[in-house]
Amino acid sequence: MKFRIVVLALLLPAAACSGPVAARHWNRGDALAEKGDRNGAIREYREAIRLKPASPELHNQLGIAFSENGDLDDTIAEFREAVRLKPDDSSIHYNLGNALLKKGDADGAIAEYRKSILLEPTAQARYNLGIALTRKGDLDSAIAEYREAIRLRPNDSSTHYNLANALIKKNDVDGAIAEYREAVRLEPSSAKFHYCLGRALTQRADRNGAIKEFRTAVTLDPQYDVSRRDGQTVTK
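Here's a quick rundown of the structure. (Residues numbered from 1 in each chain as written. Predicted model: local features only at pLDDT ≥ 70, side-chain atom pairs only at ≥ 80, totals over all residues. Heavy atoms only, no water.)

With that out of the way, let us pick up the packing of helix H8 (residues 139–152) against helix H9 (residues 157–169). Remark: H8 packs on H9, axes separated minimally by 9 Å, with the N-to-C direction vectors making an angle of 155°. Our classification of the angle between H8 and H9 gives roughly antiparallel. Crossing geometry of H8 relative to H9 is assigned as left-handed. Side by side, H8 and H9 meet where Leu139, Ile143, Tyr146, Arg147, Ala149 and Ile150 of the first sit next to Thr159, His160, Asn162, Leu163, Ala166, Leu167 and Lys169 of the second. (Axes fitted to C-alpha atoms, helices over the stretch in contact; angles between N-to-C directions. Helix = DSSP H or I, 4+ residues; strand = E, 2+ residues; numbered from the N terminus. Parallel < 35°, antiparallel > 145°, perpendicular 65-115°, else oblique. Left-handed = near helix turned anticlockwise from the far one by under 90°. Contact = heavy atoms within 4.5 Å.)

Given below as structure tokens:
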């Protein structure tokens, strides 16, 4: 299952930090982050927060920097503080949901994604909520979220792929095949999509279709040699 960590930076100018000194540290942090100096960016954002502790935008930026540095606990702490300061911002709830899911807290992530969706029902939040629900084993709810994400963003191959995976687990093979086919249509260069379509086709005894998909998967990515063996199996 492909899981996207997409951290949203709040699109606000550094001037939103009242006080020119805090704004300068924010700007320096942004510049260092762009250069890949995460530790330097963290130092600057922390100094800006020391000067302006009630800025949700700064706590969000610091959370992003911690996330990119692999510091999940600090990431979560900063996003929580940003949410406390600005509870009506959908992107901060979304960021917190991503961090919690990466930490393994699916319940916490689900709660934050749902808050984000209430404020702004984006396809990305629906998609990640679907992933979190899948991890909890709530396939019916996950399928509903993937379908809603597809309604909002119909040309996203990963959403069709994840929906197909959920449908397979529900034994809806025909529905899964349709979604795998759509994923393949949108991203024909994905060996994984062709391989999974082949596996689904074997469940419908479509040997020729399965072999074609397995061979395509191997052609696209030789690491899918298992596809060749599967292709031999369905011909027996």
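There is more to say, and it comes next.
Taken as a whole, this structure holds six aromatic pairs when the rule is applied. Ring geometry for Tyr195 against Phe214: centres 5.7 Å apart, planes inclined by 50°, an arrangement best described as tilted. With a gap of 19 residues between them, Tyr195 in helix H11 (residues 191–203) and Phe214 in helix H12 (residues 207–220) connect regions that are remote in the sequence. With a relative accessible area of 1%, Phe214 lands in the buried category. Following the ring pairs from residue to residue traces out a cluster consisting of Tyr161, Tyr180 and Phe193. (Phe/Tyr/Trp six-rings, centres within 6.5 Å; stacked < 30°, edge-to-face > 60°. Buried < 20%, exposed > 50% of the residue type's maximum accessible area, 1.4 Å probe, protein only.)

Attention now goes to the nonpolar core. Counting 51 residues, the largest nonpolar core has Leu101, Tyr113, Tyr146 and Tyr180 as the members making the most contacts within it. Looking at this core, the element that brings in the most residues is H11, giving seven residues. Ranked by size, the runner-up nonpolar core spans 10 residues in total, among them Ile42, Leu58, Leu62 and Phe66. (Core = buried A, V, L, I, M, F, W, Y, C linked by side-chain atoms within 4.5 Å.)

To continue, consider helix H4 (residues 72–85). Given 3.6 residues per turn, any residue in an α-helix points the same way as the ones three and four places further on. When the terminal C-alpha atoms of H4 are compared, their 20 Å separation across 14 residues agrees well with the 20 Å that a helix rising 1.5 Å per residue should span. For H4, every residue scored as buried is listed here: Thr75, Ile76, Glu78, Phe79, Ala82 and Val83. Burial along H4 is one-sided: seen end-on, the buried residues are contained in an arc of 165°. In H4, the exposed positions angled more than 90 degrees off the buried face are occupied by Asp73 and Arg84. Against the buried residues of H4 lie helix H2 (38–51), helix H3 (56–68) and helix H5 (90–103). (Expected span 1.5 Å × (residues − 1). Arc of directions from axis to C-beta.)

Okay, unusual backbone geometry next. As a rule of thumb, non-glycine residues mostly have phi less than zero, and peptide bonds are mostly trans rather than cis. Even without glycine at this site, Asn171 takes up a positive phi of about 65°. Among the structural elements, Asn171 can be located in the loop between H9 and helix H10 (173–186). Unusually for a residue other than glycine, Ala205 sits at a positive phi of about 55°. Of note, Ala205 is situated in the loop between H11 and H12. Classification of Ala205 as exposed rests on a relative accessible area of 52%.

This structure, assessed with the given rule, holds 13 salt bridges. Where Arg50 meets Glu47, a salt bridge forms, and the shortest distance between an N and an O atom there is 2.6 Å. Linking Arg50 with Glu47, this pair stays in helix H2, spanning three residues, or about one helical turn. The exposure class assigned to Glu47 is partly exposed, which follows from its relative accessible area of 24%. For Arg84, the salt bridge identified is with Glu81, shortest N-O distance 2.7 Å. With Arg84 and Glu81 both in helix H4 and three residues apart, the pair spans about one turn of that helix. Within the structure, one salt-bridge network assembled from shared partners comprises Glu57, Lys86 and Asp89. (Salt bridge = Lys/Arg side-chain N within 4 Å of Asp/Glu carboxyl O.)

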